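Here's the letter readout for the chains.
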Amino acid sequence: MLSSVLSLGVSVICPSEVVSALCRRRREGKLSPQQYLKAKQALFEDIEDASVVNITDQVIARAVEILERWPLRSSDSLHIASAAEWSAELFVSADERQCTAARTYGLRTEKLPAG
């Protein structure tokens, strides 16, 4: 999927969020240690040339606005706020609530299959 994009922007918290999810799946036995390492390596290869959106005062203000309107986790609001601050053309997530909030916030979204 990422091979077809011209530019990629990720929130500064994106890598740790993805690695956290991979670690959880490894603990649950849904990923072998080898699958975990392969997925982690693919993540860092995919985002190697990405623009990293830092948590600025503007991103925090947007995240607070998003939290006040939608029932999201703080990290989810930071991802949406970062995408909006970066003026993303497309917001991609496997989380339906996050996609709904991003769409309502004015971002074009694509929902990935969960899992």
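Presented here is a report on the structure given in the accompanying data block. Numbering of residues begins from 1 in every chain and follows the order in which that chain's sequence is written. Local features in this predicted model are restricted to residues whose pLDDT is 70 or higher, and side-chain atom pairs enter the listing and the counts only when it is 80 or higher, whereas totals over whole chains, interfaces and linings include all residues. The side-chain quantities take in all heavy atoms of the structure and omit both hydrogens and water.

Attention now moves to the overall build of the chain. Numbered from the N terminus, helices here are DSSP runs of H or I no shorter than four residues, and strands are runs of E no shorter than two. The helix and strand inventory of the chain stands at five helices and four strands. This radius of gyration counts C-alpha atoms alone. The globule rule is 2.2 Å times how many residues there are, raised to the power 0.38. What you see for the chain is a C-alpha radius of gyration of 14 Å, in line with the 13 Å of a compact globule of 115 residues. With respect to the principal axes defined by its C-alpha atoms, the chain has extents near 40 × 30 × 25 Å. For the chain, the residues scored as buried account for 34% of the 115 residues in total. For the chain, the accessible area works out to roughly 7,400 Å², and carbon and sulfur atoms hold 51% of it. Across the chain, the centroid of the 14 positively charged side chains sits 9 Å from that of the 15 negatively charged ones. Categorising residues by exposure relies on relative accessible area from a 1.4 Å probe, with only protein chains included: less than 20% of the type maximum marks a residue as buried, more than 50% marks it as exposed, and the intermediate range marks it as partly exposed. The Shrake-Rupley method, run with a 1.4 Å probe, gives the accessible areas here. Residue values count only the displayed protein chains as cover. Positive charges come from Lys and Arg, negative ones from Asp and Glu, while His and the chain ends are left out of the count. For charged residues, the charge sits on one atom: NZ in Lys, CZ in Arg, CG in Asp, CD in Glu.

Here a Phe, Tyr or Trp ring, Trp counted by its six-membered ring, pairs with any other such ring whose centre lies within 6.5 Å, and the pair is stacked when the planes are under 30 degrees apart, edge-to-face when over 60, and tilted otherwise. Applying the stated criterion to the full structure yields one aromatic pair. Look at Trp-70 and Tyr-105: their rings are 6.4 Å apart centre to centre, the planes differ by 85°, and that puts the pair in the edge-to-face class. Of the two residues, Trp-70 sits in the loop between α3 (57–69) and α4 (74–86) while Tyr-105 sits in the loop between α5 (96–104) and β4 (109–111), which places them 35 residues apart along the sequence. On the basis of relative accessible area, Tyr-105 is assigned to the buried category, the value being 17%. Of note, Arg-26 hangs over the ring of Tyr-36, and the distance from its end group to the ring centre comes to 4.2 Å. In this analysis the charged atom, NZ for Lys or CZ for Arg, is taken to sit over a ring once it is within 6 Å of the ring centre and within 35 degrees of the ring normal.

Let us now look at unusual backbone geometry. Of note, Ser-87 is a non-glycine position whose phi angle comes to about 60°, a positive value. Secondary-structure assignment places Ser-87 in the loop between α4 and β3 (91–93). Assessed through its relative accessible area of 57%, Ser-87 is described here as exposed.

Below, the discussion takes up the nonpolar core. Among buried residues, those of type Ala, Val, Leu, Ile, Met, Phe, Trp, Tyr and Cys that are joined through side-chain atoms within 4.5 Å constitute a nonpolar core. If you look at the biggest cluster of nonpolar residues, it comprises 18 residues, and the most contacted ones within it are Ile-66, Trp-70, Leu-72, Ile-80, Phe-91, Tyr-105 and Leu-107. Where this core is concerned, the elements lending two or more residues are α3, α4 and α5. With five residues, the single largest contributor to this core is α4. Leu-72 has contacts with Ile-66, Leu-67, Ile-80, Arg-97, Gln-98 and Ala-101, leaving out every residue within four places of it along the chain. One finds Cys-14, Val-19, Leu-22 and Tyr-36 within the second-largest nonpolar core, a separate group that totals ten residues. Any two residues whose heavy atoms approach within 4.5 Å at even a single point are treated as in contact.

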